[in-house]
Amino acid sequence: MVIINMAKIELPKQYKPKESEEQLLEFWEKEGIYAFDTESDKKIYSIDTPPPTISGKMHIGHAFSYAQQDFIARFKRMKGFNVFYPFGTDDNGLPTDRLVEKTKNVKSGDMERKEYVKLVLKTLEELRPKFIADWKKIGMSCDFNIYYTTIDEHCQKISQKSFIELYKEGREYRKDAPTMWCPECKTGVSQVECEDKMFDSFFNDIIFRIDGKDVIIATTRPELLPACVAVFYHPDDKRYQKYEGKTAKVPLFDFEVPVLPDERADPEKGSGIVMCCTFGDQTDMEWQKAHNLPIKLALSHEGKMTEIAGRYSGMGIQTARKMIIEDLKDNRLLISQTPIKHAINVHERCGTEIEFIKSKQWFIKYLDLKEDMIKWGAELNWYPKHMKHRYDNWVKGLQWDWLISRQRHYGIPFPVWYCKKCDEVILAKEEDLPVDPLEDKPPVDKCPKCGCAEFKPEKDIIDTWATSSLTPQLCTQLLKNKPIYKKLFPMDLRPQAHDIITFWLFNTVVKSRLHYDKNPWKDVVISGHAQDPHGKKMSKSKGNVVDPREMIEKYNADALRFWAAGTKLGDDLPFMEKDLVTANKTITKLWNASKFAIMHLEDYDGKFDTSKLEVIDRWILSRMHKLIKSCTESFEVYEFSKTKAEAEKFFWQDFCDNYMEIAKHRLYNPDTYGVDARKSAQYTLYTVVLNILKLFAPIMPYITEATYQIYFAEKEGIKSIHNSSWPEYDKKVIDEKAEAAGELVVYAVTNARRAKSDKNVSLKTPIVNMVLKSKLSNDEFKAVERDIAVTTIAEILRYEQLDKDSKIDYEHEIEL
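Predicted model only: the values in this text are computed from it and were never measured. (Residues numbered from 1 in each chain as written. Predicted model: local features only at pLDDT ≥ 70, side-chain atom pairs only at ≥ 80, totals over all residues. Heavy atoms only, no water.)

(A) Highlighting the overall build of the protein chain. Per the secondary structure count, the protein chain includes 23 helices and 29 strands. Along the first, second and third principal axes, the C-alpha atoms of the protein chain reach 110 × 65 × 45 Å. For the protein chain, restricting intrachain contacts to residue pairs at least 6 apart in sequence, the fraction spanning at least 24 positions comes to 78%. Accessible surface, the protein chain: about 36900 Å² in total, of which carbon and sulfur atoms supply 47%. Taking the 123 positively charged and 128 negatively charged side chains of the protein chain as two groups, their mean positions are separated by 1 Å. (Helix = DSSP H or I, 4+ residues; strand = E, 2+ residues; numbered from the N terminus. Contact = heavy atoms within 4.5 Å. Areas by Shrake-Rupley, 256 points an atom, 1.4 Å probe, with all protein chains shown as cover. Lys, Arg positive; Asp, Glu negative; His and termini not counted. Charge placed at Lys NZ, Arg CZ, Asp CG, Glu CD.)

Okay, structure coming up:
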């Protein structure tokens, strides 16, 4: 970065992004360019920044999504807002657990909880600085001094307080009930953590004996036969009505279960009669509860067959399934197998099939609020609008209350103890938070219910999403002791990717409504995903992952951000390295065009009577103000891709290809064209280049800052382009007549170039004779005649005015 000396402007020959980016990062941090001003009276724009998970390193999806939200933050800052843009990291979830186990070669379950937690926190301290540095390098304009980690004491206190408040409001309960369970992670999971995955399987037609007859029942889960507690058929299914009140003998295991009618049995599915096992799916749970059936657990928390499975006890699920099928075949109890493909719920973290296992868990009650949830979503401003459908569809498909307990060592503890005698819940006092029941004593000496003096601590931890759903509070309450704190919530913006609408967005809305009866933000902007060049999802297994750090090293951060601005909100974007090559060309051109301008502005004093502007200068200024209006309107509704595309087109075509070529003669030859003509070009050059830099600044912060510092910072008296004002649209500058004249000049110059190119001669070759025709009057043509003649090197230039009713706007004849 070169800081200017106005006595002699130093113009580096070329822009060196690696040097410049490092220097500018230091400059921005040292000068507090992005600091939130807690004493300012400016209007606040607050952003609920997504806290990335420290689970490795930044991936290209991070660079894509975070760059897009940063465009918005930078635009709002230049629009005069006091931007509250904190930064946090999400450090208390399963990905962090997995990272530590991998990097330290340990298993959390093999260590004492206290020692393991200590190891995790130490590991995070080692990894965090380098991890956060990646976000700084891509140009994130957060105030990194307003920082939280979801495992620090500040966040633990807020999370535990949330739990206590909702418990007191009757919104939380603990229940020993069937729970979605991941055998791999050995923890309960919530509905939001599951996803459907297609698997190849079989419908196995198995023989049950009912009233002395063989009855075929189809199942995909023969390993659950030892957990069978009933057989159901539809009450209108005449095939099986005769078996009502009878019992069915379960094959291989030879115990009997009741045969019962129930409307949830589907006559069209399989053989129309179905076994109920505890528990294979949601319907099994409904049947067990409705008919008061016993609970038989064939699967353990480790995903192994239990003792009731007999000789299959201790086997894994897949092994047991295979063995039971073989035994059914050997005993002629398996009639047939029909290959099928069906969707199965898997844990989104590890891809393991979800099981339903009875265990004691904590839940947030919210199924009774589904209608309200739809209303809450409708009150948000969605960008793009269609993303609201994902929210609505999720709410409509909810079947479970929110399971918030996890059976892991590491995380935020529940602030709860239980009476050893009566199991009464003992809550921590708010003033004692945060607490760890395994280390801290309960706030009472005796149980208030039974008087027992012995207590047992809750060992489970709070689900990470139950804490991450409090990010508006986690970040704003960092400033709780400042008067400005009350102005920060509800926040203005939640930026995030579309895949976590059901995770983070939905849960944050729920928590905010339950605690404050208001939505947490006004606007939500949803980004898409970065994909490989073929539009496929990136993954390590496919070998198509792009490392953003390598791309920054090979090109630069601005180039990566330029690529991220290449699609509108919500759309997925294939990563094409050629887009970074294109970006670099724009960066180089911006540097060179700015150098050209600054070189000709060394003696410019900023004083000029704009009534003396040349027509071609009024043309580019009019075009520029239309651009400012369009770019501003686009950015206001978060359509940054449109701003980028229009600014890029104006810069390359209108300014570089045409205006600079047309105006340079006045800049180089003031004696020939006059002092006022040169000053007109200087005023225009200064104004247009400065505004181009500002329009590009949110998207390419480094090159625009580097250029601004060379000349414009001192001229404007502002420390950074990112603290300067966004260009203001001025309707008075719009000049349709000048634009019409300018279009004729561009038409003439473009066709002169084409004619010379077609003849394969130098662009410096004079044109012997040029004839132009348009609807401009002769006087309007005269105003730009010299610009056309000089730029095209036309020795003879003649003009003919077309009739106003002519269907043709322009015609030309060129003789070389």
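Back to the write-up after that little detour.
(B) Broad picture of helix α1 (residues 17-31). Here α1 is 15 residues long and its end C-alpha atoms lie 20 Å apart, about the 21 Å a rise of 1.5 Å per residue gives. Those residues of α1 lying buried are Pro17, Ser20, Glu21, Leu24, Phe27 and Trp28. Projected onto a plane normal to the axis of α1, the buried residues spread over an arc of 130° and lie on a single side. When the buried face of α1 is taken as reference, the exposed residues oriented beyond 90 degrees from it are Glu22, Glu26, Glu29 and Lys30. Gly32, located one to two residues past α1, shows a positive phi value of around 60°. (Expected span 1.5 Å × (residues − 1). Buried < 20%, exposed > 50% of the residue type's maximum accessible area, 1.4 Å probe, protein only. Arc of directions from axis to C-beta.)

(C) Representation of a positive patch on the surface within the structure. Residues Arg98, Lys107, Lys186 and Lys304 make up a contiguous surface patch of positive charge. For Lys107, the location among the structural elements is in the loop between α3 (94-104) and α4 (113-137). (Patch = residues over 30% accessible without salt bridge, like charges linked within 9 Å, V, L, I, M, F, W, Y side chains within 5 Å. Salt bridge = Lys/Arg side-chain N within 4 Å of Asp/Glu carboxyl O.)

(D) Region of interest: unusual backbone geometry. Between Thr278 and the following residue, Phe279, the backbone shows a cis peptide bond with an omega angle of 0°. Tracing the chain through its elements places Phe279 in the loop between β12 (273-277) and α6 (282-290). That bond from Phe489 to Pro490 is cis: its omega, 0°, falls within 30 degrees of zero. Considering the arrangement of structural elements, one finds Pro490 in the loop between α11 (471-476) and β23 (491-497). Unlike most non-glycine residues, Asp254 shows phi in positive territory, near 55°. Here Asp254 is to be found in the loop between β10 (247-249) and β11 (256-261). Note on Asp254: relative accessible area 53%, which makes it exposed.

(E) Broad picture of empty space enclosed by the protein. Taken as a whole and assessed by the stated rule, the structure comprises 5 cavities of 30 Å³ or more. Of the voids in this model, the largest cavity is the one considered here, and its volume is about 100 Å³. Taken together, 12 residues make up the lining of the largest cavity; nearest its centre are Leu94, Glu193, Arg406, Arg408 and Asp463. Tallied by class, residues from the lining of the largest cavity come to 3 nonpolar, 4 polar and 5 charged. (1 Å grid on protein atoms, 1.4 Å probe; cavity = no way out; pocket = protein on both sides within 12 Å on 5 of 7 lines; lining within 4 Å. Points joined across faces, edges and corners; volume = space filled by probe spheres on them. Nonpolar A, V, L, I, M, F, W, Y, C, P; charged D, E, K, R; others polar.)

(F) How the structure looks around the nonpolar core. Core analysis: the biggest nonpolar cluster contains 196 residues, and Met373, Tyr391, Trp563, Phe655 and Ile788 have the highest contact counts within it. Here this core takes 11 residues from helix α17 (residues 640-668), the largest share from any one element. Excluding its chain neighbours within four sequence positions, the residues that come into contact with Trp563 are Ile60, Phe64, Ala530, Leu573, Pro574, Phe575, Met576, Asp579 and Leu580. Core analysis: the second largest hydrophobic core is formed by 35 residues, Leu225, Cys228, Cys277 and Leu299 among them. (Core = buried A, V, L, I, M, F, W, Y, C linked by side-chain atoms within 4.5 Å.)

(G) The arrangement of the side chain of Arg666 in detail. As for its placement among the helices and strands, Arg666 is situated in helix α17. Side-chain polar atoms of Arg666 contact the backbone oxygen of Ala677, separated by 3.0 Å. Among all residues touching Arg666, those that are not within four sequence positions of it are Glu614, Ile616, Asp617, Tyr659, Tyr673, Ala677, Arg678, Ser680, Ala681 and Asp787. (Polar contact = N/O pair within 3.5 Å; in protein donor to acceptor, adjacent residues only side chain to side chain.)

(H) Representation of the pattern of salt bridges in the model. Taken as a whole and assessed by the stated rule, the structure comprises 56 salt bridges. Put simply, Arg174 and Glu458 hold a salt bridge, and the shortest N to O gap is 3.7 Å. On the criterion of sequence distance, the pair formed by Arg174 in strand β5 (residues 172-182) and Glu458 in the loop between β21 (455-457) and β22 (461-462) is long-range, its members being 284 residues apart. Exposure remark for Arg174: the relative accessible area of 28% places this residue in the partly exposed category.

(I) Summary view of the packing of helix α16 (residues 615-636) against α17. Interhelical geometry of α16 versus α17 gives an angle of 170° and a closest axis separation of 10 Å. Comparing the axis directions of α16 and α17 gives the class roughly antiparallel. Facing Ile616, Asp617, Trp619, Ile620, Arg623, Met624, Leu627, Ser630, Cys631, Ser634 and Phe635 of α16, the residues of α17 in contact are Phe640, Lys642, Thr643, Glu646, Ala647, Phe650, Asp654, Phe655, Asn658, Tyr659, Ile662 and Arg666. Here the residues of the contact of α16 with α17 sort into 13 nonpolar, 4 polar and 6 charged. (Axes fitted to C-alpha atoms, helices over the stretch in contact; angles between N-to-C directions. Parallel < 35°, antiparallel > 145°, perpendicular 65-115°, else oblique.)

(J) Local environment of the confidence of the model for the protein chain. Across the protein chain, the average pLDDT comes to 92, with 98% of residues at 70 or higher. Considering only residues more than four positions removed or in separate chains, one finds that residues 1-8, a stretch of pLDDT under 50, has 19 contacts. (pLDDT = per-residue confidence, 0-100.)

(K) Structural detail: the side chain of Asp523. On the secondary structure map, Asp523 appears in strand β24 (residues 521-527). Of note is the side chain of Asp523, whose polar atom sits 2.8 Å from the side chain of Asn381.

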